[in-house]
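# Observations on chain architecture
Here is how the chains run, residue by residue.
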Amino acid sequence: MQKNEILKIYGTDYKEMTRQILSGADLASQIPSADALIGIKPNLVTPSPADYGATTHPEIIAGLIEYLKEHGFHRMVVLEGSWVGDRTQEAFEYCGYNTLAEQYGVELWDLQKDSSHSKNCAGMKLNICDRAENIDFLINVPVLKGHCQTKITCALKNMKGLLPNSEKRRFHSMGLHKPIAHLCAAIRQDFILIDHICGDLDFEEGGNPVVRNCIMAARDPVLVDAMVCRMLQYDIEEVPYVQMAEALGVGSADLSDAVIRTIGSADGSGQSEEELPAARKVLDVQYHVNEVDSCSACYGNLVPALNRLKEEGLLDRLEDPISIGQGFRGKTGKLGVGLCTEDFEFCVRGCPPESEKIYEELKKYIYENS
């Protein structure tokens, strides 16, 4: 498989589809040795079922493990660190990964419990989990979905799970896009297996799945994310970390040179390049938010709450802007969400506060102040 190729397969037997696309990509020939330690990095941002649109389907991981074992590879681990506010161990359990680990004899590495070290990442010092650098061959298994802050998330941003929680918070104070690019310049993704089965095109934590029943394979994470921008109807300039990563030599964003092909489907069906609906629910409510360096979990819980208020006709009655993010620590104001705004007159407390709590407290605030 060449670096400018992206393979696709459609169907509903996700484990068999995975085995077929890995055979088509000839993954086994790309792994340097039979005793290589293979790291499998899913997206388990939060404990939610894969059909909710946020997490990597366990059937894909099962198909990947079976393929690797059949080709003589037996040293493999699944490594992940969920987002701040959720526990990786709960995600492993809820998303079916504990069962996978027991069935296939594969270790699960919870990077939230790992030690870390400072590393020079193409001119930017970042703290990286120690175990993330013990891997000989890294297979990234992201979910193709939207994101309330970066618009899209797929191959490049999924590497953020290899950081300790403290560094995930710091990423947001650094502008998010630049550190994502630098992180990917330091930790090489050797192969990418993309879960495009039913990702939520608006929210990283899921809730509005859009079914496409597709799995993709690639070697270039920059090319993958450039394609995702096009699929979600964003100009590549609207997702700055893609071109930043390209400038750092991580990969190519030149889609004119890309070879995207469907290799056939596990259920006999086929589908051409699809158009995805524009993901714009976030934009519909963003004008109510004053955001400065907020963490993904906090902002990600706020937006669905605002959408619920909008659907009920209440959001337009909210006259005060909602402040959120690390930039408001120690400052005062009228209305805030998250522990960073604890000194505001009205604060929805939590780090992060749950979406249901945000919805209920903002609803009460609206009724009391309009």
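Higher on the page you've got the structure.
All of the points below concern the structure found in this document. (Residues numbered from 1 in each chain as written. Predicted model: local features only at pLDDT ≥ 70, side-chain atom pairs only at ≥ 80, totals over all residues. Heavy atoms only, no water.)

Moving on, we get to the pairing of strand E3 (residues 76-80). Counting buried positions along E3 yields 5 of 5 residues, so the element is predominantly enclosed. Of the two faces of E3, the one lined by Met 76, Val 78 and Glu 80 and the one lined by Val 77 and Leu 79 are each fully buried. When strand E2 (residues 38-42) meets E3, the two strands line up parallel, connected through 3 bridges. Bridge pairing links Ile 40 to Val 78 in E3. Pairing geometry for E3 and strand E4 (residues 107-110), over 4 bridges, is parallel. In the sheet register, Val 78 faces E4, and the bridge partner there is Leu 108. (Buried < 20%, exposed > 50% of the residue type's maximum accessible area, 1.4 Å probe, protein only. Helix = DSSP H or I, 4+ residues; strand = E, 2+ residues; numbered from the N terminus. Pairing = 2+ DSSP bridges.)

Moving on, we get to the packing of helix H10 (residues 296-311) against helix H11 (residues 355-369). In contact at an axis separation of 8 Å, H10 and H11 are set at 45° when each is read in the N-to-C sense. Comparing the axis directions of H10 and H11 gives the class oblique. Between H10 and H11 lies a crossing of right-handed hand. Along its contact with H10, which presents Asn 301, Leu 302, Pro 304, Ala 305, Leu 306, Arg 308 and Leu 309, the element H11 presents Ser 355, Glu 356, Ile 358, Tyr 359, Leu 362, Lys 363 and Ile 366. (Axes fitted to C-alpha atoms, helices over the stretch in contact; angles between N-to-C directions. Parallel < 35°, antiparallel > 145°, perpendicular 65-115°, else oblique. Left-handed = near helix turned anticlockwise from the far one by under 90°. Contact = heavy atoms within 4.5 Å.)

Moving on: unusual backbone geometry. If a residue is not glycine, its phi is most likely negative; likewise, a peptide bond is most likely trans. The peptide bond linking Cys 351 to Pro 352 adopts the cis configuration, its omega dihedral lying at -5°. Tracing the backbone through its elements, the reader meets Pro 352 in the loop between strand E16 (346-348) and H11. Here the phi dihedral of Asp 26 falls at roughly 50°; this positive angle occurs in a residue that is not glycine. Residue position: Asp 26 is located in the loop between helix H1 (14-25) and E2.

Working note: regular strand, side chains alternate between the two faces of the sheet. Of all 5 residues in strand E11 (residues 214-218), 5 are buried; the element is thus mostly enclosed. Side chains of E11 alternate between two faces, with Cys 214, Met 216 and Ala 218 and Ile 215 and Ala 217 buried alike. Direction of pairing for strand E1 (residues 5-10) relative to E11: antiparallel, over a ladder of 5 bridges. Residue pairing in the sheet places Ile 9 in a bridge with Ile 215 of E11. Bridge count for strand E10 (residues 191-196) against E11 is 5 bridges, and the pairing is antiparallel. Paired with Ile 192 across the strands is Ala 218, a residue of E11.

One open sheet holds the 8 strands; their spatial order is E4-E3-E2-E7-E10-E11-E1-E12, and the pairing between them is mixed. Strand pairing shows two members of the sheet lacking a second neighbour, E4 and strand E12 (259-262), which therefore form its edges. Each neighbouring strand pair of the sheet contributes to a mean axis angle of 20°, computed without reference to strand direction. Helix H2 (residues 58-70) contacts E2, E3, strand E7 (137-141), E10 and E11 of the sheet and is inclined by roughly 170° relative to E2.

Glancing now at the sheet that holds strand E13 (residues 289-291). Strands sit in the order E13-E14-E15-E16 across an open sheet of 4 strands; the sheet is parallel. For this open sheet the edge positions go to E13 and E16, each flanked by a neighbour on one side alone. Strand-to-strand twist in this sheet, taken as the mean axis angle between neighbours without regard to direction, amounts to 25°. Judged from the 3 bridges that link them, E13 and strand E14 (residues 322-324) form a sheet pairing that is parallel. Bridge pairing links Asn 290 to Ser 323 in E14. Where H10 meets the sheet, its contacts fall on E13, E14 and strand E15 (335-337), and the angle it forms with E14 comes to roughly 160°.

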